[in-house]
Each structure stands twice: as structure tokens, then as C-alpha cells.
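The primary structure of each chain is shown beneath.
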Amino acid sequence: MNILDIINVGLFAAAIRMATPVALAALGGVFSERVGVVNVGLEGMMLMGAFSGVYVSYITSNPWLGVFGAIIVGGLLGLIHAFLSVTLRGNQIVSGTGLNILALGFTAYGSEVIWGSRGASANVTSIDIIKLPILGDIPIIGDIIGSASPLVYLMIIIIILTQILLFKTPIGLRLRAVGEHPAAADTAGVNVLRMKYMGIIVSGMLAGLGGVFLSLGNLGLFSYGMTGGRGFIALAAMIFGGWTPLGAFGASLLFGFTDALQMRLQSLGILPPQIILMLPYIITVIVLAGVVRKTKPPSDYKPYEKD
Amino acid sequence: MTDSNSGDKEKSWPLRTLKSALLRIIPQILAITAAFLVGAIILIVTGYSPIDVYAAMLQGAFGDEYGIGQTLTQATPIIFTALAFLFAFKCGLFNIGAEGQFLMGGFAAAIVGISFSELPAPIHILLAILAGALAGGLWGLLPGYLKVKFGAHEVITTMMFTYIATYLTSYMVNYPFKAPGWVAQTVPIADSAQLPRILPPTQLSASILVAVALAGATYYILQKTTLGYEVRASGLNQSAAENGGINVKKTIILAFILSGVLAGVGGAGEILGVHYRFIQGFSPGYGFDGLAVALVGGLNPLGTILAAILFGALRSGSMLMTRVTHVPSDIVVIIQALVIIFVAAPRLIRYLVGRRSKT
């Protein structure tokens, strides 16, 4: 066996692919936490996104409508989370955990009702890989990022746009102010409640988009619990990335690389699969333990009450 | 629901205790009712009769002695995991990884149960349970240590350690400890390590007695000991606790270890009392049920037992329910999640009721 069988351009291409759902969900985490609400429900929002995308594609044979549906459903879950934690001032972590379990049960139930199996859906039309002109023809770089799912390119565009939105525009300033100093933002005339709702709904939409990449991005099917803890890994990526879109993207690349490496090693069969499958979770713990002390969350996450 | 300050001089204290207990129970009952109602809507939309489904569930869970025995069997592991969640929660910690601690405890107990077959039964059982407690405690210590030492948030780490435990135990029963045959499981434990069954032919074992005893112990530790006081004080306000001379870091670590021990003993009880060997995937998610049960039980050890019986009934009733009405068993998971969501925001019920009375 040659080391180049493992580490080659294919590995880097796979790393970017595997980073995409994590990066989108981590970005979702950024939006929620920037407005001062912890979103532990990312995992469930991803799972529901993955499921609804497949369902819509199954009904319409149009995977792009599936993507749209996943974003809507993710946003709806965000709305529920916002209602529970902002309006009703419920416990954010309990609410998010409830949404995670709801998503797991609901998608398994739906899968059995619709496709007769809780384990996996029928095969549906997935989103085809596209090859970029010019960039796709450059050696090495073209092999890594020249051809991929359009959702990968969409993710990169969203990361850049949200980085600008959050840090270079007035609306981004207002969003961040709501998490950092809600009372000051309120005094300055910002509608704190509306901003919080917006942040959390956007958070759900991004997680839904991340989830649908898992189901429609390459395979074109939904399987039970297919997010496999990526929502939690996304939370770690968000923290590792210092609560910024670009940082979250960078951290997701690391996790994507681990995931890609894990799949490589599995296909080689040199270690038992269970050992290799542990890798991404162990790396997440190590990364989390290694960096958290150096970062400071952008909010104290307390519900805001007007005096 | 026994209030610790029952030494009240007022003559009406039994009435007041009853009233406060009712006030605490009513929101939980409303939350459960609301969850079943939303579940009914989902059933109707997907073409099932909620009356048939719920009737079959009830029949399966409480219809005869066997059903009741199976309900209690299903409730047993959930009491442990709920106590695990509760104990950490009282310290302000979210141990959502009881599932991992439960698995590790079960595996350690299985290994001890397989070995030392020459030991007399009570000692062998004790040793196996102790191994479960140790393994669970270790799996609780890890996220606790990472939190105290590095500030790593336990919601993420306990989840990660659950995945790691799942794959680690799966590796163990697929490779080093695999029994001959197709199934990923260990060989059976020795007879001397088996917990007695207390209601044959159901699988109800003496593990439920351990669970109830630990519920009592949890109550006692939290309410009557210095450690319990420190746990609760750290949970309410960390800086105030620290100013009051409590070593919060140490308390967090201890709370995590004990939380893991509770879940680990639950895993041990499940292996020694029900399965008699470690089988891959033997837990249908008892660790996650624990969170819901602790919340529905009002974060009170006694309430936890009652809520665990309810959730045990959901699981045991789902078998007959699926057989009779062919509804996917995951409706049970949906109802559990809805209960969590309704309990998460106590104001939700008030909000809904208030809305209706206004219009």
C-alpha cells in the first residue's frame, strides 16, 4: 500500500465535499449565537432538511425544489426554536434537544409511512455534479475544486456573503449588537425580538441546507439518522472558528478532512471500521478542548427582558 | 414530592404540601396531554386512528400482568438515565450523553459477568455492577474534566463520547469479545452474575429495585448532604457558590462522575438482568429517554420514577400497538420529543390556554 493511495487530490476534493454540510450548519450556529441563542437543535434541523429534501424530490422529481423545501423546513424549526426560547423564554438547550429527538422520530416515522422502511428512503433524483469552466481545467486545483456539487459552490458563496453581511453592513452590526448588548441595541432603536427571530430562523435555514446536501448532494436518498452527529460537530466548528463565517468554514474544512480520511481508511480495510468511525468524534473533542479557552462567546445567552 | 421543610408549625401543612405537589404536577400532565394531542394530529394526517393506536398502546402496556411487567422492565433503565441527567442538571450541567455512559457501564458489567465464574452469586453480581459504575463514571468524568480544565461545552462532548462509546462497544463485540456466530454480541454471562427475575415470564429483574434505591439515594445526596448542597449551589449560581467557599470545579467533576455512575449502573442492570450478554444495539436510546423523563418528572427523583413508568409504558405498549395497527413505532419517539418541547417552555401551555380564553 502506498501513502499516495490515501493522500492525494481526491482526498482534498472529498474533504471539501464532507466539509460542506458541517460548514453550513456551523454558519447556522453562528447566526443563532450571534443573536444570543444557543442552537443545540442544529442536528435535528439538518436531519429534517435531509428528509424533506428527499421527500420533495420524490414527489416532484426536481431536486432543486427539494433543496428549497429543506431550507423552508429548517427555517420552520428555527421559528419553533425561536418561539420557545425567545418569546416563551424556555430553556434553550432543552428546546434544542427536544427538536433533535423530534427530528429523529419524525423522519423515521415519515420514512416508514412514505417508503415502508424506517431505515432508508427510495432513491430519488439527486443534484448532479457540475464542472466549472476554466477553473475545472487547471491541473490539481481543478481536480480539487473544479468539479463538485453546485451546493458546494453555493456554500462558499454564502460563507463570503455572510462574512460581509455580519461584519461590514448595518444589519450585521444590529444582529451582533442584539446578542452582545441587547439593552443597548434596544435603546438604539433595534427591534431586539425581531432580530433574534431572524437570526434563529436563518440558522435553521442554513442547517436545513446543510442537511439536504447530505441526502441530495450525492446519493439521492435519506437514511435513518444520516446526520450522524454533524450538527454537534458543527457547533464545535462554530466555536473553533470564533463565531465567524470564515472561521467556521476553516474549522469545517478540518472536520471535512477528518471525515474524508476516515472514509479512505475504511475503504482500504486496514483497521476495523468501528475504530475508524470514531475518528471524527475524537478529533472534535480534541479540537474543542484545545481551543475553547482562547475564545469568548459573543453573548451571555440570557433571554432579554425589557425593563 | 415530600418537602424537606415538613417541620412546619402551621396545622394545614399536609394540605399545603398536597397543593404544592398538585401545582407541580399539573403543568407536567398538561405537557403530556398536549404531546399526545399533537401526536394524534400526526397520526390522523398520516392515515391512522389515534384512538385505535392509543388504545392498543394502553392495552399493551397495562392490559395484563405481562404487559405491566414489561412496562416496568422498560421503565427500569430509564429511571437510571433520568437520574443521571437530573443529577448533572442540578449542578447546572447538561449531560445529554447518558446513552454513552449507559453503554460503557453495560459493557464493563458484561465483561465481569463473563469472567470470574467461580465467584458466589451475590459477590459476582456486586462486582459486575461495580464495574458498570466505574465505566459509567469514567465516561462521565471525561467530559467533566474537559469542561473544568478546558472549558469544552458538555453538550458537545457528551454527545461525542456517546458516539465514541457506541463505536467502541461495537468494536468490542465485533472483534475481541465476539461470541461465535453471526450476531455481534458477547458470550453469555455466568449464571452467578445474573440478577434474579422478579416477575416471570416478564423480563422484570431486581435491577428495578436498584433503580428505586438509587432514586432514594439521589434524593438523599442532593437534599441532605454537603455534596448535594454544593451541587445545587453550583447549579444555581456558580460565582455565588465560589464566593461561599465551594470548590465549583471539584463539584462539577464529582457531579459528572456520579451522573455517569448512575447511567453506568443502569447499563449494568440491563445486561445482568435482561439480556445476560452485551448485544450490539441493545439500547433503543434509553439514555435519551432519560432526559425527557427527568424533565417530565419535575427534576425530582420520585417524579422521575413515575415519569419513567409512563415512558416505559410508551415503549412496551408500542409493541402491541405496532402489531395491531401497523403504525410505525417511532410515533413513540415523536411523542417523547413533544413532551420535552412542551416541558422546555412551561409558559407554552399558559400561552396556548391564554390565547384561547382571549378569543
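Residues numbered from 1 in each chain as written. Chains lettered and ligands numbered in written order. Predicted model: local features only at pLDDT ≥ 70, side-chain atom pairs only at ≥ 80, totals over all residues.

Caption draft 1: Region of interest: the overall build of chain A. Looking only at helices and strands, one finds 12 helices and 2 strands in chain A. From first element to last, N terminus to C terminus, chain A shows the α and β order α-α-α-α-β-α-β-α-α-α-α-α-α-α. Its C-alpha radius of gyration of 19 Å places chain A within 12% of the 19 Å reference for a compact globule of 307 residues. Taking the principal axes of the C-alpha coordinates as reference, chain A spans close to 65 × 45 × 40 Å. Restricting the contact set of chain A to residue pairs at least 6 apart, pairs at least 24 apart contribute 76%. (Helix = DSSP H or I, 4+ residues; strand = E, 2+ residues; numbered from the N terminus. Rg over C-alpha atoms; globule rule 2.2 N^0.38 Å. Contact = placed C-beta atoms within 7 Å.)

Caption draft 2: View of the overall build of chain B. Check the secondary structure of chain B and you find 14 helices and 0 strands. The order of α-helices and β-strands along chain B, N terminus first, is α-α-α-α-α-α-α-α-α-α-α-α-α-α. For chain B, whose C-alpha radius of gyration is 21 Å, the value lies close to the compact-globule estimate of 21 Å for 359 residues. For chain B, the spread of C-alpha atoms along the three principal axes comes to 65 × 60 × 40 Å. Once local pairs closer than 6 in sequence are excluded, the contacts in chain B between residues at least 24 apart make up 78%.

Caption draft 3: Up close: helix α11 (residues 286-296) of chain B. Counting buried residues along α11(B), 11 of its 11 residues qualify, which places the element largely inside the surrounding structure. When we look at burial in α11(B), the residues that qualify are Y286(B), G287(B), F288(B), D289(B), G290(B), L291(B), A292(B), V293(B), A294(B), L295(B) and V296(B). (Buried ≥ 20, exposed ≤ 12 C-beta atoms within 10 Å, placed from the backbone.)

Caption draft 4: Representation of the nonpolar core. A26(A), A237(A) and I340(B) are the most contacted members of the largest nonpolar core, which totals 219 residues. Once you skip the residues sitting within four places of it in the chain, A26(A) turns out to touch A234(A), A237(A), M238(A), G241(A), A248(A), A251(A) and S252(A). (Core = buried A, V, L, I, M, F, W, Y, C linked by C-beta atoms within 7 Å.)

Caption draft 5: The arrangement of the interface of chain B and chain A in detail. Each side of the interface is counted separately: chain B has 38 residues, and chain A has 38 residues. Looking at the side of chain B that touches chain A, the elements with two or more residues in it are α5 (121-150), α6 (154-174), α11, α13 (331-344) and α14 (346-358) of chain B. Top element by residues in the side of chain B that touches chain A is α6(B). It accounts for 12 residues. Among the residues making up the side of chain B that touches chain A, the classes are represented as 30 nonpolar, 6 polar and 2 charged. (Nonpolar A, V, L, I, M, F, W, Y, C, P; charged D, E, K, R; others polar.)

Caption draft 6: Quick look at the packing of helix α1 (residues 9-34) of chain A against helix α10 (residues 230-240) of chain A. Residue and element names in this part refer to chain A. For the pair α1 and α10, interaxial distance at closest approach is 8 Å and the crossing angle is 60 degrees. Viewed along their axes, α1 and α10 form a crossing whose handedness is right-handed. Across the interface between the two elements, P21, V22, A25, A26, G29, V30 and E33 from α1 touch R230, G231, I233, A234, L235, A237 and M238 from α10. (Axes fitted to C-alpha atoms, helices over the stretch in contact; angles between N-to-C directions. Left-handed = near helix turned anticlockwise from the far one by under 90°.)

Caption draft 7: Highlighting unusual backbone geometry. Residues and elements named next belong to chain B. Cis peptide bonds are those with omega within 30 degrees of zero, and the linkage from P200 to P201 qualifies with 10 degrees. Positive phi is not limited to glycine here, since F116 has a value of about 50 degrees. Here F116 lies in the loop between α4 (98-114) and α5. Here F116 falls in the partly exposed class, since 15 other C-beta atoms lie within 10 Å of it.

Caption draft 8: Highlighting the confidence of the model for chain B. All names here are of chain B. Looking at chain B as a whole, its pLDDT mean stands at 90, while 94% of the residues score no less than 70. Under a pLDDT of 50 for its full length, residues 1-9 has, in the predicted model, 9 contacts with residues more than four places off or in other chains. Of the two predicted TM-score estimates for the complex, the pTM is 0.90 and the ipTM is 0.91. (pLDDT = per-residue confidence, 0-100.)

Caption draft 9: Representation of the confidence of the model for chain A. Taken over all residues, the pLDDT of chain A has a mean of 91, while the share at 70 or more is 97%. Mean pLDDT values over the elements of chain A span from 79, in helix α5 (residues 141-146) of chain A, up to 97, in helix α2 (residues 42-60) of chain A.

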